[in-house]
Amino acid sequence: MRALTLPGTTLTVAALCLGTAEFGAAIARADAFRLLDAYTDAGGNFIDTAKVYADWRPGERSIGEKTIGAWLRQRNGRDRLIIATKGVHPDLARMGVPRLAPADIAADIEASQRNLGVDALDLWYLHRDDESRPVTEIIETLNAQVAAGRIKHFGCSNWRTERIAAAQAYAQSHGLQGFRANQMMWSLAAVNHKALGDPTLVAMDAAMARLHTQTQLAAAPYTSQAHGFFHKLDAGAISSAGAFRDGAYADPVNRTRYARLLELRARTGLSLTQLVLGYLMAQPFPTVPVIGPASLAQLTDSMTAGDVALSAEDAEYLAADN
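Residues numbered from 1 in each chain as written. Predicted model: local features only at pLDDT ≥ 70, side-chain atom pairs only at ≥ 80, totals over all residues. Heavy atoms only, no water.

Novice: How would you explain unusual backbone geometry if you had to name every residue and give the values?
Specialist: Despite not being glycine, N158 has its phi angle at roughly 60°, a positive value. According to the relative accessible area criterion, N158 is buried, its value standing at 5%. If you check the backbone angles, Q216 has positive phi at about 60° while not being a glycine. Position of Q216 among the secondary structure elements: in the loop between α6 (206–215) and β9 (218–219). Residue class for Q216 comes out partly exposed when judged on its relative accessible area of 31%. (Buried < 20%, exposed > 50% of the residue type's maximum accessible area, 1.4 Å probe, protein only. Helix = DSSP H or I, 4+ residues; strand = E, 2+ residues; numbered from the N terminus.)

Novice: How would you explain the packing of helix α1 (residues 29–41) against helix α2 (residues 63–75) if you had to name every residue and give the values?
Specialist: The N-to-C vectors of α1 and α2 enclose an angle of 60°; their axes lie 10 Å apart at closest approach. Classed by the angle they form, the pair α1 and α2 counts as oblique. Relative to α2, the crossing made by α1 is right-handed. Of the residues in α2, those touching α1 at R29, A32, F33, L36, D37 and T40 are K66, T67, A70, W71, Q74 and R75. When the residues that make up the contact of α1 with α2 are grouped by side-chain class, the tally is five nonpolar, three polar and four charged. (Axes fitted to C-alpha atoms, helices over the stretch in contact; angles between N-to-C directions. Parallel < 35°, antiparallel > 145°, perpendicular 65-115°, else oblique. Left-handed = near helix turned anticlockwise from the far one by under 90°. Contact = heavy atoms within 4.5 Å. Nonpolar A, V, L, I, M, F, W, Y, C, P; charged D, E, K, R; others polar.)

Novice: Pulling in residues and values, what's your account of the side chain of H89?
Specialist: Looking at the secondary structure, you find H89 in the loop between β5 (82–87) and α3 (102–116). Overall, H89 belongs to the buried group, its relative accessible area being 10%. Dropping the residues within four chain positions of it, H89 is found in contact with V52, M95, R99, D108, H127 and R128.

Novice: Go over helix α12 (residues 312–319) with me, naming the residues and quoting the values.
Specialist: For α12, every residue scored as buried is listed here: D314, A315, L318 and A319. End-on, the buried residues of α12 take up no more than an arc of 125°, which puts them together on one face. Those residues of α12 that are exposed and angled more than 90 degrees off the buried face are E313 and E316. Tucked inside the fold, the buried residues of α12 contact α9 (253–268) and α10 (272–281). (Arc of directions from axis to C-beta.)

Novice: Residue-level account of the environment of Q177, with values.
Specialist: Position of Q177 among the secondary structure elements: in the loop between α5 (161–173) and β8 (181–183). Residue Q177 is classed as buried on the basis of its relative accessible area of 12%. Distance in space between the C-alpha atoms of Q177 and W159 is 17 Å, their sequence separation being 18 residues. Those residues in contact with Q177, other than ones at most four positions away along the chain, are I139, N143, V146, K152, H153, F154 and A171.

Novice: So what's going on with the packing of aromatic side chains? Which residues, and what values?
Specialist: Here the structure, examined in full by the defined rule, presents eight aromatic pairs. Aromatic pair W186 and Y279: ring centres 6.2 Å apart, planes at 75°, arrangement edge-to-face. A residue pair is termed long-range when its members are at least 10 positions apart, and W186 in the loop between β8 and α6 and Y279 in helix α10 qualify at 93 residues. Of the two residues, W186 and Y279, both sit in the buried class. Judged by centre distance (6.5 Å) and plane angle (5°), the ring pair of F230 and Y258 falls under stacked. Of the two residues, F230 is situated in helix α7 (residues 229–235) and Y258 in helix α9; the sequence distance between them amounts to 28 residues. For the pair F230 and Y258, a shared accessibility class is recorded, and that class is buried. An aromatic cluster is present here, built from F229, F230, Y249 and Y258 joined pairwise through their rings. When the ring centre of W159 is taken as reference, the NZ or CZ atom of R163 above it lies at 5.2 Å. (Phe/Tyr/Trp six-rings, centres within 6.5 Å; stacked < 30°, edge-to-face > 60°. Lys NZ or Arg CZ within 6 Å of the ring centre and 35° of its normal.)

Novice: Account for the side chain of Q183, with residues named and values stated.
Specialist: Structurally, Q183 is set in strand β8. We classify Q183 as buried; its relative accessible area is 1%. A distance of 2.7 Å separates a polar atom in the side chain of Q183 from a polar atom in the side chain of D48. Residues within four places of Q183 in sequence aside, it is in contact with D48, K86, Y125, C156, S157, N158, A220, Y222 and V290. (Polar contact = N/O pair within 3.5 Å; in protein donor to acceptor, adjacent residues only side chain to side chain.)

Novice: Any details on α10? Residues and values, ideally.
Specialist: Burial of α10 is extensive: 10 of the 10 residues sit out of reach of the surface. The set of residues buried in α10 consists of L272, T273, Q274, L275, V276, L277, G278, Y279, L280 and M281.

Novice: How would you summarise the sheet that holds strand β6 (residues 121–126) if you had to cite specific residues and measurements?
Specialist: The strands that make up a sheet pair up through hydrogen bonds in the backbone, lying either parallel or antiparallel. As summarised here, the arrangement of the eight strands in space is β9-β8-β7-β6-β5-β4-β3-β10, forming an open sheet in which the pairing is parallel. The open sheet terminates on both sides in strands that have one partner only, identified here as β9 and β10 (290–291). Two strands pair when backbone bridges link them, and strand β4 (residues 46–48) and β5 are joined in this way by three bridges, in the parallel orientation. The partner of I47 across the bridge, within β5, is I83. This element, α3, spans β5, β6 and β7 (151–157) of the sheet and lies at about 135° to β6. (Pairing = 2+ DSSP bridges.)

No statement about biological role is implied by the geometric values presented.
Below, the structure written as structure tokens:
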């Protein structure tokens with residue numbers, strides 16, 4: 001599998017990042033261990049998690065991070081993985097109340113260190129933004145955490161383009177570390193935001209893509225395969241009429257994109273998975289899709305895209321609106 005170094009860091013990561021949102025919960029610990037074993041055996045080294053992952057289910061809090069921490073201990077695997085995790089997510093029962101005070105940042109970093117059993121977090125994302133707080137305070141707080149040795153690099157997730165640009169400008173003008181990666185909702189499938197049910201999620205758009213292209217800020221998109229939307233459509237698991245009328249991907253442009261996927265599949269011999277993930281990896285800025293397999297079969301299928309090099313022309317063709 002190909003690898004790339006995230007700009008501004010010493011982190012050389014696999015082309016595909018393993019998402020772990022349900023580890024220890026819907027994906028039992030033993031199954032999560034099997035996924036981690038298979039991913040690393042195939043050359044993967046980049047794990048994505050969050051302090052809040054699986055907290056939407058009954059049971060132990062932060063079970064996702066704790067499951068990864070247990071694997072690290074049992075497999076002696078710390079040197080095999082670059083670990084990205086996220087913090088300062090709002091309380092799930094009070095999503096409208098931000099948690100981005102310096103004390104929140106410090107507390108969540110320390111909690112993730114304990115959960116994972118690591119001294120320093122390789123890449124730590126702000127899981128949400130609080131636009132009432134100046135980016136100056138946030139960047140200064142994060143740099144203090146870097147100086148203290150608790151995190152090596154940091155990024156943002158679900159931040160609007162304007163806020164990212166302001167934070168980066170402040171960091172650059174003051175000789176400070178800025179965001180090294182941005183995590184957003186993004187796949188080949190256009191998103192119907194009204195159907196998401198969570199207004200705090202931020203998706204890739206043209207302005208954000210321009211920012212990434214101009215600055216070469218790394219992107220680590222989640223929902224990179226649109227929850228299998230095109231695969232389900234191809235398998236007849238969802239009807240064409242319903243798929244383009246209802247739900248998170250009910251956008252007419254997705255009908256065109258599906259047709260182009262079928263065309264490129266016939267022309268190139270690449271699978272839907274390879275094309276959907278290849279589209280993201282063919283961008284003019286570093287992009288590491290986060291995959292979220294629930295089974296070894298899904299992981300194996302996704303990993304076949306690790307060496308795909310789709311042309312820029314084919315990527316643009318897939319995503320064209322007409």
